[in-house]
Amino acid sequence: MSDAYESRTGILPVTSEPGILPGAADADRMPVSPATGGRPILQVRDLVTAFDTDAGRMTAVDGISFDVPSGKTLGIVGESGCGKSVTAFSITRLLPQPHGKILGGSIRFEGKELTTLPLEEMQKIRGNDISMIFQEPMTALNPVETVGRQLAEAILLHTECSKADVLARSIDMMIKVRIPAPEQRLNEYPHQLSGGMRQRMMIAMALINKPKLLIADEPTTALDVTVQAQILELIADLQKEMGMSVILITHDLGVIAEVCDEVAVMYAGRIVEQASVFDLFANPRHAYSQGLLESIPRLDSKPKTLLKAIPGNVPGIADFKPGCRFAERSGREHSQAHLTNRPSFVEIAPSHFVENCPICVA
Amino acid sequence: MSLLTVQNLQQHFPVRGGVLRRSVASCKAVDGVSFTLGEGETLGLVGESGCGKTTLGKAIVRLLKPTSGKIEFDGQDITHAGIGALRPMRRHVQMIFQDPAESLNPRHTVRDILEEPFIVQKMGTKDERRKWVLDLLDKVGLPATATDRFPFEFSGGQRQRIGIARAIALKPKLIVCDEPVSALDVSVQSQVLNLLLDLQREMGLSYLFIAHGLSVVKHMSDRVAVMYLGKIVELAPAEELYHNPRHAYTKALLDAIPVPDPAKRRRRELLQGDVPSPINPPAGCAFGHRMKHPKWEQSVNMDLTLREVSPGHLVQPCPCCMD
């Protein structure tokens, strides 16, 4: 990994003081104030993830690099098939087996390389230091076990605990995620809960071991707007309280704008732009980010006027080009060289990175 | 005269239980809804899941038998019309569904799908129909080569275009669009919305536009109705509703929308709790009940018929939620 790592260090943000990694040194995992940030808790460099299918090898994530700053929220935004969920599954090593493989690059969590970690070691981290929330709580929860048992399982997998302790911790966590009447809820099955309550249960399970990094994969897509607002606020509050870092994966730019500190825009298996949320919304540099921001209807846009649409369709994984992948939808003339040579990922302004296709980044 | 008039429409479903599967309760999915829709107009319908917006759409195209109330289309009462009587009306009322993957027959080619409305209505000869199919494809921006392909060969956005082509085939007057873009990718959504706007202008269509995305609804509609637990709680011109909401539920919904601009972040007044079940809904104002509003009890024995507070702006006049 050293070569790949070196090649990127020059262009990615060199983090501030080599201070102590928050949470790593002290066992209590003291909350970190988001303002101080500190060094990244997760560093991904040139990650390549592919699936072996009957039609050949499909590279779903094609060499992406990003950092998750400690105590902050990184949003990954992109459309279906852009590789955002595969990125999450690569970090947690939950890729479908045996087809899914990490082919290259590195994922360092608190300095520890995850891509080559033995499975047992990974199981100790997963659900403990790194947790995940999934999109559809109904399919992620076990329908034939009470939610109390599922919560207890999450605790007992990582700590030895008496029955009374498990119960106390479960109820404590359910109060934290604002589930009313937790003692009764413990004995209920997922189907007895509403969508919002199920998602709260998922969050309780993910956070019960006080993870340092939470990966939320479309946590609110299946929910109504009013419940979505509740869940997003809950995640933000718990993040502040527990000092954890969050990767929030979504296709909704509104959600990104509301809760993220940093944003990575993914398109067709690559990150095309990464910047602070204010930078990205105020000054998007890549044609895709610009198009995406212009195409969404807003509350202050004039009703019944035509929207600025991005033409064409999201490319399928089999049609990924080696060069600029947004070329054919950008409406701008690309030369053959731009279509065959991969644009480099550069820091175009302080802490603002972009896949520097000279045509798409004008 | 308005194209569609709905008066006090109710759509209840029996909830069966016990050994004998007797009806033990009724689910009041749509519980007394009234509105009108003019020619060339778009009425947006928003609300959370389970509020009855899809049921209302289905009742209007008469895929359901309404429990009571009245639906008048083009001056004709269609509330209780039978299949035979409905057929000529169905030419003029079409529907676009949320998930194009599920609403297109996977074993039919695009030509079969688009020809079927004409066959059902006994229109044209085979050659004429084939020509019409090509015209339709052109109208929705699909290549003529699409005719012999199957739905699975298309992307989500293209499939929705096929769904739209089928809906406009018979040159209808009204199309009920039930969440037409929520299953689509963000960059494709705007294409489909633009297509719907273009078609409306070109063909003078009226839309009943059902969605849960409030920004999308506002963008597409002339007027917007907000539904809560089977009832319309507020109905107003789009701009008016967004700038001057009068019902507490509308305000809560508007407040919950994530704004795609980080400079406009704010701490919100969050709505607590989930949408209650439409089985045995509370008496009076359902939203006041959810909010445990002190004035809720006053609404129990009140007439909650919508009241016009300013021209075209109707609000449910409950003391707990209307300001």
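Residues numbered from 1 in each chain as written. Chains lettered and ligands numbered in written order. Predicted model: local features only at pLDDT ≥ 70, side-chain atom pairs only at ≥ 80, totals over all residues.

### Brief notes about the overall build of chain B
Logical step 1: The helix and strand tally for chain B stands at twelve helices and twelve strands.
Logical step 2: Over its C-alpha trace chain B gives a radius of gyration of 21 Å, about what one expects of a compact globule, namely 20 Å for 323 residues.
Logical step 3: Once the C-alpha set of chain B is aligned to its principal axes, its extents read approximately 65 × 55 × 45 Å.
Logical step 4: Put simply, chain B has 323 residues, and 48% of those count as buried.
Logical step 5: Considering only residue pairs separated by 6 or more positions, chain B has 65% of its internal contacts joining residues 24 or more positions apart. (Helix = DSSP H or I, 4+ residues; strand = E, 2+ residues; numbered from the N terminus. Rg over C-alpha atoms; globule rule 2.2 N^0.38 Å. Buried ≥ 20, exposed ≤ 12 C-beta atoms within 10 Å, placed from the backbone. Contact = placed C-beta atoms within 7 Å.)

### Quick look at the overall build of chain A
Logical step 1: Each helix and strand counted, chain A has 14 helices and twelve strands in total.
Logical step 2: Within chain A, the fraction of its 362 residues that count as buried is 47%.
Logical step 3: Pairs at least 24 apart in sequence give 67% of the contacts found in chain A among residues at least 6 apart.

### As for the sheet that holds strand β4 (residues 100-109) of chain A
All names here are of chain A.
Logical step 1: As summarised here, the arrangement of the four strands in space is β2-β1-β4-β5, forming an open sheet in which the pairing is antiparallel. Strands at the two margins of the open sheet, each flanked by one partner only, are β2 (56-69) and β5 (112-113).
Logical step 2: Where strand β1 (residues 40-53) and β4 come together, eight bridges link them in antiparallel fashion. When the sheet's bridge partners are listed, Gln-43 is paired in β4 with Arg-108.
Logical step 3: Running at roughly 75° to β2, helix α2 (residues 84-91) makes contact with β1, β2 and β4 of the sheet. (Pairing = 2+ DSSP bridges. Axes fitted to C-alpha atoms, helices over the stretch in contact; angles between N-to-C directions.)

### Some thoughts on the pairing of β2(A)
Residues and elements named next belong to chain A.
Logical step 1: Of all 14 residues in β2, ten are buried, a share of seventy percent or more.
Logical step 2: In this sheet, β2 lies alongside β1 in antiparallel orientation, the contact comprising eleven bridges. Along β2, the bridge assignment pairs Val-48 with Asp-62.
Logical step 3: Between the end of β1 and the start of β2, which pair antiparallel, lie two residues.

### Examining the domain arrangement of chain A
Residues and elements named next belong to chain A.
Logical step 1: For chain A, the assigned domains read domain 1 (2-267) and domain 2 (289-362).
Logical step 2: For the side of domain 1 that touches domain 2, the elements supplying multiple residues, two or more each, are β2 and β9 (262-267).
Logical step 3: Per element, the largest residue contribution to the side of domain 1 that touches domain 2 is four residues, and it comes from β2.
Logical step 4: Here the side of domain 1 that touches domain 2 is composed, by residue class, of eight nonpolar, four polar and one charged. (Domains from an automatic or database assignment. Nonpolar A, V, L, I, M, F, W, Y, C, P; charged D, E, K, R; others polar.)

### Thoughts on helix α4 (residues 110-120) of chain B
Logical step 1: When we look at burial in α4(B), the residues that qualify are B:Val110, B:Ile113, B:Leu114, B:Glu115 and B:Pro117.
Logical step 2: Tucked inside the fold, the buried residues of α4(B) contact α5 (126-139) and α6 (156-168) of chain B.

### A word on the nonpolar core
Logical step 1: Residues A:Ala204, B:Leu208, B:Phe209 and B:Val226 are the most contacted members of the largest nonpolar core, which totals 185 residues.
Logical step 2: Among all residues touching B:Phe209, those that are not within four sequence positions of it are B:Thr42, B:Leu43, B:Gly44, B:Leu45, B:Cys177, B:Val217, B:Met220 and B:Ser221. (Core = buried A, V, L, I, M, F, W, Y, C linked by C-beta atoms within 7 Å.)

### Observations concerning the sheet that holds strand β11 (residues 307-310) of chain B
By definition, the strands of a sheet pair up through backbone hydrogen bonds, in either a parallel or an antiparallel sense.
Residues and elements named next belong to chain B.
Logical step 1: Ordered in space as β6-β7-β8-β3-β9-β10-β12-β11, the eight strands form an open sheet in which the pairing is mixed. If you trace the sheet from one side to the other, it starts and ends with β6 (93-96) and β11, each paired once. In this sheet, adjacent strand axes meet at a mean angle of 20° when their direction is disregarded.
Logical step 2: Across four bridges, the pairing between strand β3 (residues 42-46) and strand β8 (residues 206-210) is parallel. Across the sheet, residue Gly-44 finds its bridge partner in β8, namely Phe-209.
Logical step 3: Its contacts with the sheet put helix α1 (residues 53-60) on β3, β7 (174-178), β8 and β9 (223-228), and the angle it makes with β8 is roughly 150°.
Logical step 4: The sheet strands contacting α6 are β6 and β7, and the helix crosses β6 at an angle near 175°.

### Thoughts on the confidence of the model for chain A
Logical step 1: When pLDDT is averaged across chain A, the result is 86; 90% of the residues are at 70 or more.
Logical step 2: Contacts from residues 1-37 of chain A, a stretch scored under 50 in pLDDT, to residues over four places away or in other chains number 53 contacts. (pLDDT = per-residue confidence, 0-100.)

### Notes on the interface of chain B and chain A
Logical step 1: Each partner contributes residues to the interface: chain B has 40 residues there, and chain A has 38 residues.
Logical step 2: Of all the elements in the fold, those that place two or more residues in the side of chain B that touches chain A are α6, α7 (186-203), α8 (214-220), α9 (238-243) and α10 (248-256) of chain B.
Logical step 3: Top element by residues in the side of chain B that touches chain A is α7(B). It accounts for eight residues.
Logical step 4: Looking at side-chain class alone, the side of chain B that touches chain A contains 20 nonpolar, twelve polar and eight charged residues.

### What about the pairing of strand β12 (residues 352-355) of chain A?
Residues and elements named next belong to chain A.
Logical step 1: As judged from the two bridges shared by strand β10 (residues 270-276) and β12, these two strands associate in the antiparallel manner. Residue Gln-274 lies in a different strand from β12, and its bridge partner there is Phe-353.
Logical step 2: Pairing of strand β11 (residues 345-349) with β12, which is carried by four bridges, proceeds in the antiparallel orientation. Note on β12: the bridge partner recorded for Ala-349 is His-352.

### Notes on the environment of A:Ala268
Residues and elements named next belong to chain A.
Logical step 1: The residue Ala-268 is located in the loop between β9 and β10 in this model.
Logical step 2: Ala-268 gets classed as buried once you count the C-beta atoms within 10 Å, which come to 24.
Logical step 3: Sequence spacing of Ala-268 and Asp-319 is 51 residues, and the spatial spacing of their C-alpha atoms is 9.3 Å.
Logical step 4: Other than its neighbours up to four places away in sequence, Ala-268 contacts Cys-82, Pro-315, Phe-320 and Arg-325.

### Some remarks on helix α9 (residues 225-242) of chain A
Logical step 1: The terminal C-alpha atoms of α9(A), which comprises 18 residues, lie 25 Å apart, in line with the 26 Å expected from a rise of 1.5 Å per residue.
Logical step 2: Within α9(A) the residues assigned to the buried category are A:Val225, A:Thr226, A:Val227, A:Gln228, A:Ala229, A:Gln230, A:Ile231, A:Leu232, A:Leu234, A:Ile235, A:Leu238 and A:Gln239. (Expected span 1.5 Å × (residues − 1).)

### Focus on the packing of helix α5 (residues 147-156) of chain A against helix α8 (residues 195-207) of chain A
Residue and element names in this part refer to chain A.
Logical step 1: With their axes 8 Å apart at the nearest point, α5 and α8 run at an angle of 20° to one another. Overall, the two elements α5 and α8 adopt an arrangement that is roughly parallel. Viewed along their axes, α5 and α8 form a crossing whose handedness is right-handed. Between α5 and α8, the contacting residues are Val-147, Gln-150, Leu-151 and Ala-154 on the first element and Met-201, Ala-204 and Met-205 on the second. (Parallel < 35°, antiparallel > 145°, perpendicular 65-115°, else oblique. Left-handed = near helix turned anticlockwise from the far one by under 90°.)

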